[in-house]
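# Examination of the molecular architecture
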Amino acid sequence: MDRLNIGALAERLKQHRTGMGVREAAKEIGISPATLSRIENAKIPDLETFGRICNWLGDDPALYLGLAQAGIPVNMAQVHFKKDHAIEQDTAEALGRMILLAHQALIRDEEVLQG
């Protein structure tokens, strides 16, 4: 699995808000301009902010979590660790995979109950 790619998220944000100021984009996303600026400078957002940004961009969070290439469907699962150095990268990736697998199991259970 590839590493967390916050740099790609930062670049995507800058591209998506072309012609739009930081304040205007932040208001649309539902975050503060300071938070948007930090993320555009490749700082890791919290889980709620990450979700809002991915929704605003219309992007699958897997693109930034290194999961898209692994062929793991993410649906709405979102993974985040707030501090850059709070835990080791391998640990963060393992926890992300665990959360996604649990989410997939819940979806399968739901489909069985509905089907």
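Residues numbered from 1 in each chain as written. Predicted model: local features only at pLDDT ≥ 70, side-chain atom pairs only at ≥ 80, totals over all residues. Heavy atoms only, no water.

## Side note on the pattern of salt bridges
Inspection of every chain in the model, using the stated rule, returns 4 salt bridges. The residue Lys14 makes a salt bridge to Glu11 at a minimum N-O spacing of 3.6 Å. Taken as a pair, Lys14 and Glu11 lie in helix H1 (residues 6-16) at a separation of 3 residues, close to a single helical turn. We classify Lys14 as partly exposed; its relative accessible area is 35%. The partner of Arg12 in a salt bridge is Asp59, and the shortest N-O contact between them spans 2.8 Å. Of the two residues, Arg12 is situated in helix H1 and Asp59 in the loop between helix H4 (47-57) and helix H5 (62-65); the sequence distance between them amounts to 47 residues. Judged by relative accessible area, Asp59 falls into the buried class, the value being 14%. (Salt bridge = Lys/Arg side-chain N within 4 Å of Asp/Glu carboxyl O. Helix = DSSP H or I, 4+ residues; strand = E, 2+ residues; numbered from the N terminus. Buried < 20%, exposed > 50% of the residue type's maximum accessible area, 1.4 Å probe, protein only.)

## Brief notes about the confidence of the model for the chain
Segments scoring low in pLDDT should not have their predicted coordinates read at a detailed level. On average, residues of the chain score 79 in pLDDT, and 77% of them reach the 70 mark or higher. The least confident element of the chain, judged by mean pLDDT, is helix H6 (residues 89-114) at 78; the most confident is helix H2 (residues 22-29) at 96. Counting interchain partners and residues more than four positions distant, the pLDDT-below-50 stretch residues 74-81 has 30 contacts. (pLDDT = per-residue confidence, 0-100. Contact = heavy atoms within 4.5 Å.)

## Some remarks on the nonpolar core
Core analysis: the biggest nonpolar cluster contains 16 residues, and Leu9, Leu13, Ile29, Leu36, Ile53, Trp56 and Leu57 have the highest contact counts within it. When contributions to this core are tallied by element, the ones reaching two or more residues are H1, H2, helix H3 (33-40), H4 and H5. Considering every element that reaches this core, the biggest residue donor is H4, with 5 residues. The contact partners of Leu36, leaving out residues within four places of it in the chain, are Leu13, Arg17, Val22, Ala25, Ala26, Ile29 and Ile31. (Core = buried A, V, L, I, M, F, W, Y, C linked by side-chain atoms within 4.5 Å.)

## Some words on the side chain of Arg17
Here Arg17 lies in the loop between H1 and H2. Within the structure, the side chain of Arg17 is placed 2.7 Å from the backbone oxygen of Met20, a separation counted as a polar contact. Apart from the residues within four sequence positions on either side, Arg17 is in contact with Val22, Ala25, Leu36, Glu40 and Trp56. (Polar contact = N/O pair within 3.5 Å; in protein donor to acceptor, adjacent residues only side chain to side chain.)

## Focus on the packing of H2 against H4
Each pair of packed helices can be summarised by the angle the axes make with each other and by the distance between the axes. In contact at an axis separation of 9 Å, H2 and H4 are set at 100 degrees when each is read in the N-to-C sense. Regarding the angle of H2 to H4, the classification is roughly perpendicular. Here Ala25, Glu28 and Ile29 of H2 lie close against H4, whose contacting residues are Arg52, Ile53 and Trp56. For the contact of H2 with H4, the per-class residue count stands at 4 nonpolar, no polar and 2 charged. (Axes fitted to C-alpha atoms, helices over the stretch in contact; angles between N-to-C directions. Parallel < 35°, antiparallel > 145°, perpendicular 65-115°, else oblique. Nonpolar A, V, L, I, M, F, W, Y, C, P; charged D, E, K, R; others polar.)

## Details of the packing of H2 against H3
Running from amino to carboxyl end, H2 crosses H3 at an angle of 100 degrees, the nearest separation of the two axes being 8 Å. Between H2 and H3, the angle is such that the two are roughly perpendicular. Taking contact as the criterion, the partners of Val22, Arg23, Ala25, Ala26 and Ile29 in H2 are, on H3, Pro33, Leu36 and Glu40. For the contact of H2 with H3, the class distribution of residues is 6 nonpolar, no polar and 2 charged.

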